[in-house]
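# Structural overview for review
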Amino acid sequence: MKLPLRSEVKEELKWDITRLYKDRDAVKSDIKSASEIADKMAELKNLKTKEELKNFLDLYEELMIKVSRLSTYSELISTTDMTDTDNVNFANTIDMSFSPIFEKISFVENLILSLDEKLIDDYKKTYEDYHVFLDSILRMKGHVLSDEESKVFASLSYALNGPYNTYEISKLADMKFDSFEVDGKTYENSYVLFENFYQYHEDLKVRRAAFESFSKTLENYKNTTASLYEMYLNIEKTKATMCGFDSLIDYHLFGQDVKRELYDRQIDVIMEDLAPIMRKFEKLVQKFYGIDEMHFADLKLPIDKEFSKEISEEESWKYVEEALSIMGGEYLKVAMSAKTDRWVDFASNVGKSTGGFCSSPYKKGSYILLSWTREFAELYTLVHEIGHGVHFHYAQENNKALEEEPSLYFIESPSTCNEILLSKYLLKNTTDERFRRYILANMITNTYFHNFVTHLLEAHYQREVYYLVDKGEPINADILSELKLNTLKKFWGDEIVMDKGAELTWMRQPHYFMGLYSYTYSAGLTISTNAANNIYEKEDGAKNWIEALKAGGTLKIEDLAKLGGVDISTDAALKNTIAYIGSIVDELEKLI
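Residues numbered from 1 in each chain as written. Predicted model: local features only at pLDDT ≥ 70, side-chain atom pairs only at ≥ 80, totals over all residues. Heavy atoms only, no water.

### Looking at the overall build of the chain
Along the chain, the regular secondary structure elements total 24 helices and five strands. Over its C-alpha trace the chain gives a radius of gyration of 24 Å, about what one expects of a compact globule, namely 25 Å for 592 residues. Reported as C-alpha extents along the three principal axes, the dimensions of the chain are approximately 75 × 55 × 50 Å. Considering only residue pairs separated by 6 or more positions, the chain has 78% of its internal contacts joining residues 24 or more positions apart. By element, 48% of the accessible surface of the chain is carried by carbon and sulfur atoms, the whole surface being about 24,400 Å². If you average the places of the 71 positive and of the 100 negative side-chain charges in the chain, the two averages end up 2 Å apart. (Helix = DSSP H or I, 4+ residues; strand = E, 2+ residues; numbered from the N terminus. Rg over C-alpha atoms; globule rule 2.2 N^0.38 Å. Contact = heavy atoms within 4.5 Å. Areas by Shrake-Rupley, 256 points an atom, 1.4 Å probe, with all protein chains shown as cover. Lys, Arg positive; Asp, Glu negative; His and termini not counted. Charge placed at Lys NZ, Arg CZ, Asp CG, Glu CD.)

### A few points about the side chain of Glu236
For Glu236, the location among the structural elements is in helix 11 (residues 204-242). Glu236 sits in the buried class, given a relative accessible area of 8%. Residues within four places of Glu236 in sequence aside, it is in contact with Leu248, Tyr251 and His252. (Buried < 20%, exposed > 50% of the residue type's maximum accessible area, 1.4 Å probe, protein only.)

### Some thoughts on unusual backbone geometry
In this structure, Asp257 takes a positive phi of about 55 degrees despite not being glycine. Mapped onto the elements, Asp257 comes out in the loop between helix 12 (248-256) and helix 13 (260-289). Here Asp257 falls in the partly exposed class, since its relative accessible area comes to 28%. In this structure, Arg342 takes a positive phi of about 55 degrees despite not being glycine. Structurally, Arg342 is set in the loop between helix 15 (329-340) and strand 3 (344-345).

### What about the sheet that holds strand 5 (residues 367-369)?
Reading across from one edge, 3-5-4 is the order of the three strands in this open sheet, with mixed pairing throughout. Of all the strands in the sheet, the pair left with one neighbour each is strand 3 and strand 4 (357-359). (Pairing = 2+ DSSP bridges.)

### Comments concerning the pattern of salt bridges
Going through the model one piece at a time under the given rule, you end up with 43 salt bridges. In this structure, Lys575 engages Asp273 in a salt bridge whose closest nitrogen and oxygen atoms are separated by 2.7 Å. One end of the pair, Lys575, is in helix 24 (residues 572-591); the other, Asp273, is in helix 13, and 302 residues separate them in sequence. A relative accessible area of 25% means that Asp273 is categorised as partly exposed. One continuous salt-bridge network, built from bridges that share partners, spans Asp250, Arg260, Asp264, Asp268 and Arg463. (Salt bridge = Lys/Arg side-chain N within 4 Å of Asp/Glu carboxyl O.)

### Overview of the packing of aromatic side chains
Tallied over the full model, the rule gives 43 aromatic pairs. Between the aromatic rings of Phe180 and Tyr198, the centroid separation amounts to 5.2 Å while the plane-to-plane angle is 75 degrees, which identifies the pairing as edge-to-face. In this pair, Phe180 is assigned in strand 1 (residues 180-182) and Tyr198 in the loop between helix 10 (191-196) and helix 11, connecting sequence segments 18 residues apart. Overall, Tyr198 belongs to the buried group, its relative accessible area being 1%. (Phe/Tyr/Trp six-rings, centres within 6.5 Å; stacked < 30°, edge-to-face > 60°.)

### Quick look at helix 6 (residues 131-138)
Each α-helix winds once per 3.6 residues, and so residues spaced three or four apart point in a common direction. Restricting attention to buried positions, one finds in helix 6 the residues Phe133, Leu134 and Ile137. End-on view of helix 6: buried residues confined to an arc of 100 degrees, all on one side of the axis. Against helix 2 (50-79), helix 4 (108-114) and helix 5 (117-126) lie the buried residues of helix 6. (Arc of directions from axis to C-beta.)

### Some thoughts on the environment of Glu375
Inspection of the secondary structure assignment puts Glu375 in the loop between strand 5 and helix 16 (378-398). Linking Glu375 and Ser146, residues 229 residues apart in sequence, is a C-alpha distance of 52 Å. Setting aside anything within four residues of it in sequence, one finds Glu375 in contact with Phe197, Lys305, Ser308 and Ile311.

### A look at the state of the cysteines
The full count for this structure, using the stated rule, is zero disulfides. Here Cys417 is not cross-linked by a disulfide; its sulfur's nearest cysteine counterpart is in Cys358, at 15 Å. The exposure class of Cys417 is buried, given its relative accessible area of 0%. (Disulfide = S-S within 2.5 Å.)

### A short note on the nonpolar core
Within the largest apolar cluster, 149 residues are counted, with the highest numbers of intra-cluster contacts made by Tyr229, Leu274, Leu382, Ile386, Val465, Trp492 and Trp545. The leading source of residues in this core is helix 19 (residues 433-471), at 19 residues. Ranked by size, the runner-up nonpolar core spans 47 residues in total, among them Ile37, Ile137, Tyr367 and Leu369. (Core = buried A, V, L, I, M, F, W, Y, C linked by side-chain atoms within 4.5 Å.)

### So, the side chain of Thr79
Considering the arrangement of structural elements, one finds Thr79 in helix 2. Classification of Thr79 by relative accessible area gives buried; the value is 9%. Reaching out from Thr79, the side chain makes a polar contact with the backbone oxygen of Glu75 at a distance of 2.7 Å. Setting aside chain neighbours within four positions, we find Thr79 in contact with Trp15, Gly351, Lys352, Ser353, Phe357 and Leu369. (Polar contact = N/O pair within 3.5 Å; in protein donor to acceptor, adjacent residues only side chain to side chain.)

### Comments concerning the environment of Lys490
Examined against the element boundaries, Lys490 turns out to sit in helix 20 (residues 477-492). On a C-alpha basis, the gap between Lys490 and Ala26 in space is 52 Å, while along the polypeptide they are 464 residues apart. Residues within four places of Lys490 in sequence aside, it is in contact with Met271, Arg279 and His460.

### What to know about the packing of helix 1 (residues 24-42) against helix 3 (residues 85-104)
How two helices sit against one another is set out by the angle between their axes and by the gap between those axes. In contact at an axis separation of 9 Å, helix 1 and helix 3 are set at 10 degrees when each is read in the N-to-C sense. In terms of orientation, helix 1 and helix 3 fall into the roughly parallel class. Residue-level contacts link Arg24, Val27, Lys28, Ile31, Ala34, Ser35, Ala38, Asp39 and Ala42 of helix 1 to Asp86, Asn87, Phe90, Ile94, Ser97, Ile101 and Lys104 of helix 3. (Axes fitted to C-alpha atoms, helices over the stretch in contact; angles between N-to-C directions. Parallel < 35°, antiparallel > 145°, perpendicular 65-115°, else oblique.)

### With respect to the domain arrangement of the chain
Per the domain assignment, the segments making up the chain are domain 1 (6-141) and domain 2 (254-307 + 376-591). Taking the mean C-alpha position of each, domain 1 and domain 2 sit 31 Å from one another. Taken residue by residue, the interface counts 12 residues in domain 1 and eight residues in domain 2. When domain 1 packs against domain 2, the two sides together hide about 940 Å² of surface, and 62% of this comes from carbon and sulfur. When the buried area of domain 1 at its contact with domain 2 is split by residue, Glu61, Val132 and Arg139 rank highest and sum to 58% of it. In this structure, Arg139 and Asp257 form a salt bridge, with 3.3 Å as the shortest nitrogen-oxygen distance. On the surface where domain 1 and domain 2 come into contact, there are eight residue pairs in polar contact (both at pLDDT 80 or more). Among the elements of the structure, helix 2 and helix 6 are those that each provide at least two residues to the side of domain 1 that touches domain 2. With five residues, helix 2 is the single largest residue contributor to the side of domain 1 that touches domain 2. Its residues assigned to classes, the side of domain 1 that touches domain 2 shows eight nonpolar, one polar and three charged. (Domains from an automatic or database assignment. Buried area = accessible area lost by both parts, 1.4 Å probe. Nonpolar A, V, L, I, M, F, W, Y, C, P; charged D, E, K, R; others polar.)

And the structure:
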């Protein structure tokens, strides 16, 4: 399978980037405008009245909106084709413009913390805007950098993003994978082809040969990738220490406003309670395909893959519309604007970033990156990312830009809820036992494996890495590989043969350069599993869920989940979710 160049892709398969900026001149104009706003703010360091504070916060929000839109544009033009040096260079130009801007406004947190309590109280009595934002800054007292320290970090923001940017360029532009041969046929390999196609291939020889080819190239880059990751960790640890935190984990959880108990609970309970359920599931996969012994390279093999029909980009929208109709007309209208407003970049092309994401610049609609392979399973990724888009539509329509984003703990809830709603719709509307088996298996291999296994194992491994960082111990490729292998063995036990290359799985995800992000997939899915069941089983389930989406970042995570109809004050919601996964596996067992 040979991927086309970006220039060969049909326009209707690309997102409409002109919704964000018509052309580069408009981008340059916003860069200039953002810099000018930062200059104005720098002149307002001596706030004495509530009116001055309101003006200052309005300017700050206007600046953050522009920065959000500019950074989104940079991401959009670079991730669709990392081999397009013109776009990559322009993206770098945009990114480099942020350093002087952030340097000019690096005093904002300390300025707000220095304000007289009476001034803030008077402001809150007079104005309705920015209360939550102000409170989020005030809770940081004792954990912020000084003005001078903030200025230094801000001036170095582009350089400090270097580890992640270099990782992405190395992965998507520099890594070249050897083709491999099976039974006389030659197969090309790439990051996109392996992640989106070969690891799901039903032919055991092709699947394992592709993994071997993939791992061979990763092996060649492991020391470079480890060095980049160590650099990132050193930067984060330095900031954490300067902000008064002994623990890198506590530093990141403080930024998310999440209790350590919630974080550790997700990892520990899933590692203990879900592991036997997933081992049972892989035994079913082994039985279905008649495999002598299951290898790591076989873990993503879907049950009854041959039953999966191809689905075109156009056909996918029918499923989206019907599956999400249970949410009501208001929600559905927003979701289907993903089609009419061309949110989605479906194309699979050379140089395109792997995986999928949704970026939602303030009140400009959303942008969803996919690499559509016509596999039915891709439908789950589409509804997942649409869930993000609808969430931020509601959050932005009902909140100021400075208060639109909830805790990371909740971020993956709206997206994974849509995946479950899709499965429930498909199961409800079929009497075909084989199709039912296929959908149940997809719920495991797509929704729950991805979020409760792949990303959860990332989180467990990441926690082990952070323990070493907090102790001041060295980090290198061999140590990272050993930690990853130990995590895999702890979860899968002796039931899975660990192929050479399994230990390099830590190289495949960018989440490690994003703080404590990986655990939030299972946290979000815990909330969304319970919410999706409520939507189907309770009269006010959909209404409550939409209210939670509208709340944006105005509530603490426990209160936000409760607004959506889910109690996470105990481990009951998590235990319920694991039991739900177990019930799916039990039903599958009867159908195989």
